[in-house]
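# Examining the three-dimensional arrangement
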Amino acid sequence: MHGIGNDFVVVDAVRNVWTHDASTVSQKVNDRRFGIGGNGLILIEKGASAPFKMRMFNPDGSEPEMCGNGIRCVARFIHDEGLSAENPIAIETGAGILSLQVMDGGTVRVDMGKERHLRRDIPMAGDPAMTSVGFEIEAAGRRLRAVAVNMGNPHCIVFVDDVSSVPLDEWGPAIECHEMFPNRTNVHFMQVISPTELRMRTWERGAGATLACGTGACAVGVAAELSGVAGNDVLIHLPGGDLRVEIAEDRTVFMTGSASYVYKGEFEV
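The structure reproduced in this document is the subject of the present report. (Residues numbered from 1 in each chain as written. Predicted model: local features only at pLDDT ≥ 70, side-chain atom pairs only at ≥ 80, totals over all residues. Heavy atoms only, no water.)

## A few points about the environment of Asp-169
Among the secondary structure elements, Asp-169 is positioned in helix 3 (residues 168-176). Judged by relative accessible area, Asp-169 falls into the exposed class, the value being 59%. Taking the C-alpha atoms as reference points, Asp-169 and Val-25, 144 residues apart in sequence, are found 26 Å from one another. With residues up to four places along the chain from it excluded, the contact list for Asp-169 reads Trp-203 and Ala-209. (Helix = DSSP H or I, 4+ residues; strand = E, 2+ residues; numbered from the N terminus. Buried < 20%, exposed > 50% of the residue type's maximum accessible area, 1.4 Å probe, protein only. Contact = heavy atoms within 4.5 Å.)

## Concerning a nonpolar patch on the surface
Nonpolar side chains collect at one region of the surface, where Ile-36, Val-262, Tyr-263, Phe-267 and Val-269 lie side by side and expose about 460 Å² of accessible area between them. Mapped onto the fold, Phe-267 is located in the segment after strand 17 (252-258). Judged by relative accessible area, which is 31%, Phe-267 ranks as partly exposed. (Patch = residues over 30% accessible without salt bridge, like charges linked within 9 Å, V, L, I, M, F, W, Y side chains within 5 Å. Areas by Shrake-Rupley, 256 points an atom, 1.4 Å probe, with all protein chains shown as cover. Salt bridge = Lys/Arg side-chain N within 4 Å of Asp/Glu carboxyl O.)

## Description of unusual backbone geometry
Between Asn-87 and Pro-88 the backbone carries a cis peptide bond, its omega angle lying at 20 degrees. Within the element layout of this structure, Pro-88 appears in the loop between helix 2 (68-80) and strand 6 (89-93). Following Ile-122, the chain continues to Pro-123 via a peptide bond in cis, the omega torsion being -5 degrees. As for its placement among the helices and strands, Pro-123 is situated in the loop between strand 8 (107-114) and strand 9 (133-139). Not every positive phi belongs to a glycine, and Ile-4 is a case in point at roughly 40 degrees. Looking at the element boundaries, Ile-4 is found in the loop between strand 1 (2-3) and strand 2 (6-7). When its relative accessible area of 5% is taken as the criterion, Ile-4 is described as buried. If you check the backbone angles, Ala-140 has positive phi at about 55 degrees while not being a glycine. Here Ala-140 lies in the loop between strand 9 and strand 10 (142-150).

## Brief notes about the nonpolar core
Within the largest apolar cluster, 51 residues are counted, with the highest numbers of intra-cluster contacts made by Met-54, Ile-91 and Ile-236. Broken down by element, this core gets its largest block of residues, seven residues, from helix 4 (residues 214-226). Core analysis: the next-biggest nonpolar cluster, separate from the first, contains 21 residues, Ile-122, Ala-139, Cys-156 and Val-160 among them. (Core = buried A, V, L, I, M, F, W, Y, C linked by side-chain atoms within 4.5 Å.)

Okay, structure coming up:
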């Protein structure tokens, strides 16, 4: 399945018993030359605190807290396969329990929870009680203006005039592994088109350059709003497609976007 180009190998571990090491399998199936190919392996399991649980593993075998594009795919799969008659659907993640509404045409609206932007929340170096809005970071021989946001996982958003001119393979890993972020971070480059429209490119922690990042788009929307360059309802253009991000008064963030099937099959592990 894929969410605007962010593609996943999705496994139904609710009706099928999963006995494999997910980290090892993820590295194998996400290899685009010797496996299926994808930005991650997703397991849909029975939850402990909600009816369902999502676990996602990056191509390098690491397990992030959450994946915004991936969880839309999970919600659509649960809905279409009749695993639940509930809509919205509650899904447990490493970032907490999220509520997802499956809409017509395969679109899914996600209550992503509240954004956080103190340094201790990211986490990032420096005074833990200090804001992570409007700092400078030195990476790849440049000093860049940035905002960090936690949307269940860490994100560093860098302001640029033109995202197409960013050397992603150079700046991305330099910031992802910067000493400022002890747990590493997802990296996004943001261009402001208007107060209601943004453009972004992404370097994901553990996955590299990707066509889309749902939690990242939410973080970009929050960073633009906190910095006063955009409002609380924005359309964000990613290389793989568009996402709408809304920020409520209580700082809850809502993301709306598509979730699509590519094919179904079996893979020998």
